[in-house]
Amino acid sequence: MNVSAIVYTSATGFTAQYATLLHHQTGLPVFRLEDTDQLPRNTPVLYLGWLRAGRITGLKKARAQLAVAGVCAVGMAPAVELEKLRRDNRLEAVPLFYLKGGYAPARVRGMNKLMMAAMEKVLAGKSDPQSRAALDAVRHGADWVSQEQLDPVLDWLEPKE
Ligand SMILES: Cc1cc2nc3c(=O)[nH]c(=O)nc-3n(C[C@H](O)[C@H](O)[C@H](O)COP(=O)(O)O)c2cc1C
């Protein structure tokens, strides 16, 4: 896929780590969404954003100023239903990948912190193994960033002959 840059939004660093890994592997320049003023309008990019209540942060802004050719959503869920994520974020036919990032409670601030406190209460009332695991990550943090998860993204960026 012919993209000219990697652009991302990250609140606590996990999405930034994936963007940096992709930068090292492809040589493509990497920008935070806030710093894309220097990019010409409609530059074709791969956009990475973290998931916030099912929405890919920054995606709307990225699509308003750049030609978003592919999207990576970074979250803490073990897996997501890609078609639902696509619908909820109005992505239509844009290629979409899910990457498991992490959770860093000490770096979550403001409204995000309040939202996660409410989520923690909900999870604390549940006893199924998935909710228990999520509660543990919310309370103590977790880091699932891995190179392997980028394989499908790299295949899409640089298809092998
Ligand atoms: C307010 C809030 C809402 C979140 N909503 C979701 C969600 O809907 N789905 C999900 O998988 N992860 C969700 N997360 C987890 C983040 O997407 C995850 O921690 C991600 O790795 C953060 O990326 P960053 O470090 O680049 O900011 C949420 C986190 C916060 C703080």
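Residues numbered from 1 in each chain as written. Predicted model: local features only at pLDDT ≥ 70, side-chain atom pairs only at ≥ 80, totals over all residues.

**Remarks on the overall build of the protein chain**
Okay, step 1: Within the protein chain, the secondary structure is distributed over six helices and eight strands.
Okay, step 2: In terms of C-alpha radius of gyration, the protein chain reaches 16 Å, essentially the compact-globule figure of 15 Å for 161 residues.
Okay, step 3: With the C-alpha coordinates aligned to their principal axes, the bounding extent of the protein chain is approximately 50 × 35 × 30 Å.
Okay, step 4: Expressed as a percentage of the 161 residues in the protein chain, the buried residues total 28%.
Okay, step 5: Contacts in the protein chain between residues at least 24 apart in sequence constitute 71% of all its contacts with a sequence separation of at least 6. (Helix = DSSP H or I, 4+ residues; strand = E, 2+ residues; numbered from the N terminus. Rg over C-alpha atoms; globule rule 2.2 N^0.38 Å. Buried ≥ 20, exposed ≤ 12 C-beta atoms within 10 Å, placed from the backbone. Contact = placed C-beta atoms within 7 Å.)

**Let's talk about the packing of helix 4 (residues 110-124) against helix 5 (residues 129-140)**
Okay, step 1: Viewed as axis vectors pointing N to C, helix 4 and helix 5 meet at an angle of 145 degrees, and their least axial separation amounts to 9 Å. With respect to the hand of their crossing, helix 4 and helix 5 are arranged in left-handed fashion. Between helix 4 and helix 5, the contacting residues are Met 116, Met 119, Glu 120, Leu 123 and Ala 124 on the first element and Ser 131, Ala 134, Leu 135, Val 138 and Arg 139 on the second.
Okay, step 2: Of the residues contributing to the contact of helix 4 with helix 5, the split by class is seven nonpolar, one polar and two charged. (Axes fitted to C-alpha atoms, helices over the stretch in contact; angles between N-to-C directions. Left-handed = near helix turned anticlockwise from the far one by under 90°. Nonpolar A, V, L, I, M, F, W, Y, C, P; charged D, E, K, R; others polar.)

**Some details on the site of the ligand**
Okay, step 1: Near the ligand there are 23 residues, and of these Ser 10, Thr 15, Trp 50, Gly 75 and Gly 101 occur at the shortest range.
Okay, step 2: Elements supplying a minimum of two residues to the shell around the ligand: helix 1 (14-26), strand 3 (44-52), strand 5 (67-75), strand 7 (102-103) and helix 4.
Okay, step 3: For the shell around the ligand, a count of residues per class yields 13 nonpolar, nine polar and one charged.
Okay, step 4: Mapped onto the domain boundaries, the shell around the ligand takes at least three residues apiece from domain 1 (5-104 + 143-157) and domain 2 (105-140). (Near = placed C-beta within 6 Å. Domains from an automatic or database assignment.)

**Considering the domain arrangement of the protein chain**
Okay, step 1: Under the domain assignment used here, the protein chain contains domain 1 (5-104 + 143-157) and domain 2 (105-140).
Okay, step 2: Taking the mean C-alpha position of each, domain 1 and domain 2 sit 23 Å from one another.
Okay, step 3: Listed per partner, the contact involves six residues of domain 1 and seven residues of domain 2.
Okay, step 4: Across the side of domain 1 that touches domain 2, the residue classes tally to four nonpolar, two polar and no charged.

**With respect to unusual backbone geometry**
Okay, step 1: Of note, the phi angle at Asn 42 is positive, near 65 degrees, even though the residue is not glycine.
Okay, step 2: Positionally, Asn 42 belongs in the loop between strand 2 (30-32) and strand 3.
Okay, step 3: Judged by local crowding, Asn 42 falls into the exposed class, with 10 C-beta atoms found within 10 Å.
Okay, step 4: Its identity is not glycine, yet Glu 92 carries a phi of approximately 45 degrees, on the positive side.
Okay, step 5: Residue placement: Glu 92 occurs in the loop between helix 3 (82-88) and strand 6 (96-100).
Okay, step 6: On the basis of neighbour count, Glu 92 is assigned to the exposed category, with 8 C-beta atoms found within 10 Å.

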